[in-house]
Amino acid sequence: MMDIPFWSREIETAERSRIEQIQLERLRDTIGWALKTNLYRRRLTQVGIGSPDDVKSLADLRRIPFTTKDDLRVSFPKGHLAVGMTDVIRVHSSSGTTGIPTVIYYARQDLDNWTDLLARSIVATGATSSDIFQNMMTYGLFTGGLGLHYGAERVGLTVIPIGGGNTKRQIQVMKDFQTTVVHVTPSYLLHIHSKLGEEGIELKDLALRKAFIGAEPHSENTRRKLQDLMRIDAYNSYGLSELNGPGVAFECVCKKDMHVWEDAFIVEIIDPQTGEVLPDGQEGEVVLTNVVRRATPILRYRTRDLAFLHPQGCDCGRTHRRLSRILGRTDDMLIINGVNVFPSQIEEKIMKIPEVATNYQIHVDKKGALDRLTVKVEIYPKLFLGEVSKLEALKHRIVEELKASITISPGVELHEPGSLPVYEGKAKRVVDERPKD
Ligand code: ADP
Ligand code: ZN
């Protein structure tokens, strides 16, 4: 058995009953703060919760209505704020992937708690104070940059706050400082790999051994590809700005899905259609309540992310349940001539085909009355110069692989490496040019 590192061993390995006791205490406290906000005051009193004492058990959580992204947009800018601005020491907002961004406020203890969860997450991956940490996530309103930054400082890693973008410089800095850990979106790390050669850098010039990858959906095959190409361990990291940012759930050294830090978050999986809470093991929408939030308490937030909880524990000894990788967002499902297709299904298939390089795009448009799905993939240069018949055979193979998974037959285009658009932060994989009606 490998040596398992912990940041807060006692709480990370606490028995279920202890975790639930902490959740209940903290939920009550959070209700007290939520009752101070315009967003929650009426909602809570309407269901008979007028004070923290009205929450007798964790089951009472289910009486509280869900909070949606739209609720937070409607309460823009301060309808969900529970403290005065004097007590707010930072503001972040979401990336706005799906519309107007939402804003979140942090009191001093919010930042302190968040930082601690990230310290815990970083240590869970086996990173230590001897690591050199290059944080390639965007700094600024986006939570990915500063969140990990302070967590890594708390653990004592050497932080290089380089931020997103400028691939040439990222590679140079990785070499010059002998970076051992990066925090990055999986799509951007794949891009960096494709550029190493151009910069005259080989893997042996680098000291990289770990990557924290997150902020966008990716499949197990993408993780494997990244690990093989870069010869590293890649750890999945999940979070969203509405619930602090990164540090909601993180993989441990076992790399078998992400521990949700249950002393800080109550996690539920619901049927997105009916709102019914589903048992562990069943896939549905992730709903999160942050029970240590002061400035902007958020109750039963519908993330729109689809995943399931593992019913069993983990080899590392942590008792906090593990969340599967995000299988899709309820709002990223494409309907192609009536057939439901998740971009993640496509990614999973193409990323296991060895000839496929590091970038792809899903394109949808209309031809006459019909929807047309085209998957554009970059392939390795050696192949691109190959015989036409081989390219045709490869294309055919990709179509067949995809058809087996999504049931419809997409068009496939093979592209030269470097020809499809690159994103330095979250990748935009789907281009949907169908007219909106
Ligand atoms: P936005 O909702 O505007 O993208 P955020 O920047 O807060 O705003 O991003 C949070 C979202 O990013 C999550 O709800 C999820 O859809 C996605 N995400 C974050 N981490 C991961 C991950 N590890 N795997 C898949 N998706 C992720
Ligand atoms: Zn574990």
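Residues numbered from 1 in each chain as written. Chains lettered and ligands numbered in written order. Predicted model: local features only at pLDDT ≥ 70, side-chain atom pairs only at ≥ 80, totals over all residues. Heavy atoms only, no water.

Draft legend 1. Structural view of the coordination of the zinc ion (ligand 2). Taken together, Cys252 (SG), His259 (NE2), Cys314 (SG) and Cys316 (SG) make up the full set of protein donors to the zinc ion (ligand 2), lying 2.1 to 2.3 Å away. Around the zinc ion (ligand 2) sit four donor atoms; with metal-centred angles ranging over 102 to 116 degrees, the donor geometry is tetrahedral. Taken in chain order, the donor set of the zinc ion (ligand 2) reads C-x6-H-x54-C-x1-C. Of this pair, His259 sits in strand E9 (residues 258–260) while Cys314 is found in the loop between strand E12 (301–307) and strand E13 (322–323), placing the two residues 55 residues apart along the sequence. A relative accessible area of 0% means that His259 is categorised as buried. The exposure class assigned to Cys314 is buried, which follows from its relative accessible area of 15%. (Donors = N, O, S within 2.8 Å, 3.2 Å for Na, K, Ca; no water. Tetrahedral: all angles 85-135°; square planar, octahedral: opposite > 155°, others 65-115°. Helix = DSSP H or I, 4+ residues; strand = E, 2+ residues; numbered from the N terminus. Buried < 20%, exposed > 50% of the residue type's maximum accessible area, 1.4 Å probe, protein only.)

Draft legend 2. Looking closely at the sheet that holds strand E17 (residues 356–367). The mixed open sheet is built from four strands, whose spatial order is E19-E18-E17-E20. Pairing within the sheet leaves two strands with one partner each, and these edge strands are strand E19 (411–415) and strand E20 (430–432). Between one strand axis and the next, the sheet turns through 20 degrees on average, direction left out of account. Contacts between helix H10 (residues 343–350) and the sheet are confined to E17, strand E18 (370–379) and E20, with E17 contributing the most and set at about 140 degrees to the helix. (Pairing = 2+ DSSP bridges. Axes fitted to C-alpha atoms, helices over the stretch in contact; angles between N-to-C directions. Contact = heavy atoms within 4.5 Å.)

Draft legend 3. Spatial organisation of the domain arrangement of the protein. When cut into domains, the protein gives domain 1 (1–331) and domain 2 (334–432). For domain 1 and domain 2, the distance between their C-alpha centroids amounts to 30 Å. With 24 residues of domain 1 in contact, the opposing surface of domain 2 contributes 18 residues. Between domain 1 and domain 2, a total of about 1700 Å² is buried, with carbon and sulfur atoms accounting for 52% of that surface. Considering only the side of domain 1, the residues that lose the most area to domain 2 are Leu190, Asn221 and Lys225, jointly responsible for 28% of the buried surface there. Linking domain 1 with domain 2 are zero salt bridges. There are nine residue pairs in polar contact (both at pLDDT 80 or more) connecting domain 1 and domain 2. (Domains from an automatic or database assignment. Buried area = accessible area lost by both parts, 1.4 Å probe. Salt bridge = Lys/Arg side-chain N within 4 Å of Asp/Glu carboxyl O. Polar contact = N/O pair within 3.5 Å; in protein donor to acceptor, adjacent residues only side chain to side chain.)

Draft legend 4. Representation of the pairing of strand E11 (residues 284–290) within the structure. Taking burial as the measure, the seven residues of E11 include seven buried ones, the bulk of the element. As paired elements, strand E10 (residues 265–270) and E11 share six bridges and run antiparallel to each other. Among the inter-strand pairings, Phe265 is bridged to a residue of E11, identified as Asn290. Sheet analysis places E11 next to E12, joined by four bridges and oriented antiparallel. Paired with Val287 across the two strands is Arg302, which belongs to E12.

Draft legend 5. Broad picture of the pattern of salt bridges. Under the definition given, this model contains 35 salt bridges. Among the ionic pairs, Asp112 bridges to Arg154, the shortest N-O distance being 2.6 Å. Within this pair, whereas Asp112 is found in helix H5 (residues 108–124), its partner Arg154 is found in helix H6 (residues 143–155), the two being separated by 42 residues in sequence. A relative accessible area of 40% means that Asp112 is categorised as partly exposed. Taking the shortest distance from any N to any O, the salt bridge between Asp331 and Arg329 comes out at 3.5 Å. One network of salt bridges, in which partners are shared, links Arg16, Glu20, Glu262, Asp280 and Arg321.

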